[in-house]
Amino acid sequence: MTVTVRVPAKINLHLGVGAPRPDGYHPLDTVYQAIGLYDDVTASPAEEWSIHTVADAHVDLTTVPADADNIAIKAGLALAAHHGIARAAHLEVHKGIPVAGGLAGGSADAAAALVALDRLWKLDTPDEELLAIAATLGSDVPFALLGGTAHGTGRGERVAPVEDHADLWWVVVPHEIGLSTPAVYRHFDTLGGERPDPETPHDLLAALAAGDVAAVAGVLGNDLQPAAYSLRPDLAERHELLVGLGALAVLLSGSGPTQLLLHDSADAARASAGRLGELGIGHVLAPAPVAGATVISYA
Ligand code: C5P
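Residues numbered from 1 in each chain as written. Predicted model: local features only at pLDDT ≥ 70, side-chain atom pairs only at ≥ 80, totals over all residues. Heavy atoms only, no water.

1. Quick word on the pattern of salt bridges
Our working rule: We define a salt bridge as a side-chain nitrogen of Lys or Arg found within 4 Å of a carboxyl oxygen belonging to Asp or Glu. Labels follow the DSSP assignment, with helices taken as runs of H or I lasting at least four residues and strands as runs of E lasting at least two, numbered in each case from the N terminus. Buried, partly exposed and exposed residues are distinguished by accessible area as a fraction of the type maximum, computed with a 1.4 Å probe on protein chains only: under 20%, between the cut-offs, and over 50%, respectively.
One pass over the structure, following the stated rule, counts six salt bridges. Of the charged contacts, one joins Asp 40 and Arg 6 as a salt bridge, the two residues approaching to 2.8 Å between their closest N and O atoms. Of this pair, Asp 40 sits in strand E2 (residues 28-46) while Arg 6 sits in strand E1 (residues 3-17), and the two are 34 residues apart along the sequence. Judged by its relative accessible area of 16%, Asp 40 falls in the buried class. Residues Arg 232 and Asp 234 are paired through a salt bridge, measuring 2.8 Å at the closest nitrogen-oxygen approach. For Asp 234, a relative accessible area of 38% corresponds to the partly exposed category. One salt-bridge network, held together by shared partners, links Asp 39, Lys 95 and Asp 109.

Spelled out as C-alpha cells, the structure:
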C-alpha cells in the first residue's frame, strides 16, 4: 500500500521583508508562485520511521538528512500528534527541486508528506487543520499545500490565493553551491537602512489579475536580493550575464541562489534555454502557475 504526492517548487514574484520581529522571524509581504519543478513523496506503512531520498542529476543530496531530522518525517510526526495516534511510515522522496536553492524544496517535502500520510492513514484532516500543522513546520510549508499563486503575510505562513490569469514561462538557473536562508536573513539585517513593514504589491496583483505578463515583469522584486548578492558576488555577476540573454526579467528566487528568467511564451523560454546551453549553464524549464501538493498515484 503506497500513496505518492507530487509537490512543486515555489518562487516569490515579490518578496517584501521588514525588520526582524521579537521572535527573530521577519515580517513578509510576498506573492508566492508554484512552478513546474517537482519533488515526489511516496508514503508506505512501516513500524518505524525511515526515509530514503533519490534525486535528478541537477540536485545535490549531500545536505539532506536521512533520518528523523528530515522535515518530511517531522511532518509525519506532527500529523500523528495532531490526531493523537502512534503511527510511523516509510517515505521515499524523489527530488527534482534543487536543495538549498531558495525554492523551498524541504518545505515542499513536508507538505507532500502531510498529504500522503493523511491519505495513507485515512485521516481526512480538514484543509484548515493541515494548513495550521504546515505552519508549525516552516514558513513556506502552507504555500506548498496551496500552490498556484498566493499572497503570503505574517512570516510567510499566512496564505491566500490570488487571481492570476498570466501564463508565465520560467527558465530556472540553479547553482551548484547552495545558500543558507538564515544566513541571508542575518546579512539582510546587517545591511541597515530603513526597514518599514512590507506593503502589499498592488501593482503586481493587478498585473496578475489582468494576465499582463509584460506588466508582471516590470514589477517583480525581491528585498533579499542585495543581501544574497553581497554574500555571493558570483551571483551578481551571473545576474548581469542573464540580463543580457533578453528575457523579460531576471529574478533571484527567495533567499537564492537560484535565478529565474521570465518569458511570455514557451518559444521565448526555449530560446533563452538554448543560449544558456551554448554558454554551458545548467537550467530547467518550468511553467507557472501549477497546482500545490497533489496525490498522483497509489498502489
Ligand atoms: O520558517 P522556516 O523554518 O522555513 O525558516 C527558516 C529560517 O529562515 C528561519 O530560521 C529564519 O532564520 C529565516 N526566516 C526569517 N523570516 C521569515 C522566514 C524565515 O527570518 N519570515
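Now, onward.
2. Looking at the packing of helix H1 (residues 71-83) against helix H2 (residues 105-120)
What counts here: Angles here are taken between N-to-C directions and fall from 0 to 180 degrees, while the axes themselves are lines fitted to C-alpha atoms, restricted in helices to the stretch in contact. If an angle is under 35 degrees, it is roughly parallel; if it is over 145, roughly antiparallel; if it lies from 65 to 115, roughly perpendicular; otherwise it is oblique. By definition, any crossing whose near helix is turned counterclockwise from its far helix by less than a right angle is left-handed, and any crossing with a clockwise turn is right-handed. Note on contacts: a residue pair is in contact if any heavy atoms of the two residues lie within 4.5 Å.
Two elements in contact, H1 and H2, have axes whose closest approach is 8 Å; the angle formed by their N-to-C orientations is 40 degrees. It follows that H1 is oblique to H2 by the angle criterion. The two elements H1 and H2 meet at a crossing, and its hand is right-handed. Residues Ile 71, Ala 72, Ala 75, Gly 76 and Leu 79 of H1 lie in contact with H2, whose contacting residues are Gly 106, Asp 109, Ala 110, Ala 113, Leu 114, Leu 117 and Asp 118.

3. Examining the pairing of strand E10 (residues 259-263)
Here is the rule: Paired strands, in this sense, are two strands between which DSSP finds at least two bridges.
Buried residues dominate E10, accounting for five of its five residues. What you see with E10 is no split at all: Gln 259, Leu 261 and His 263 on one side and Leu 260 and Leu 262 on the other are buried throughout. Two strands pair when backbone bridges link them, and strand E7 (residues 168-173) and E10 are joined in this way by five bridges, in the antiparallel orientation. Residue pairing in the sheet places Val 172 in a bridge with Leu 260 of E10. Pairing between strand E9 (residues 249-252) and E10: four bridges, direction antiparallel. Paired with Val 250 across the strands is Leu 261, a residue of E10. Counted along the chain from E9 to the antiparallel partner E10, the turn is six residues long, and its residue Gly 254 has a positive phi close to 55 degrees.

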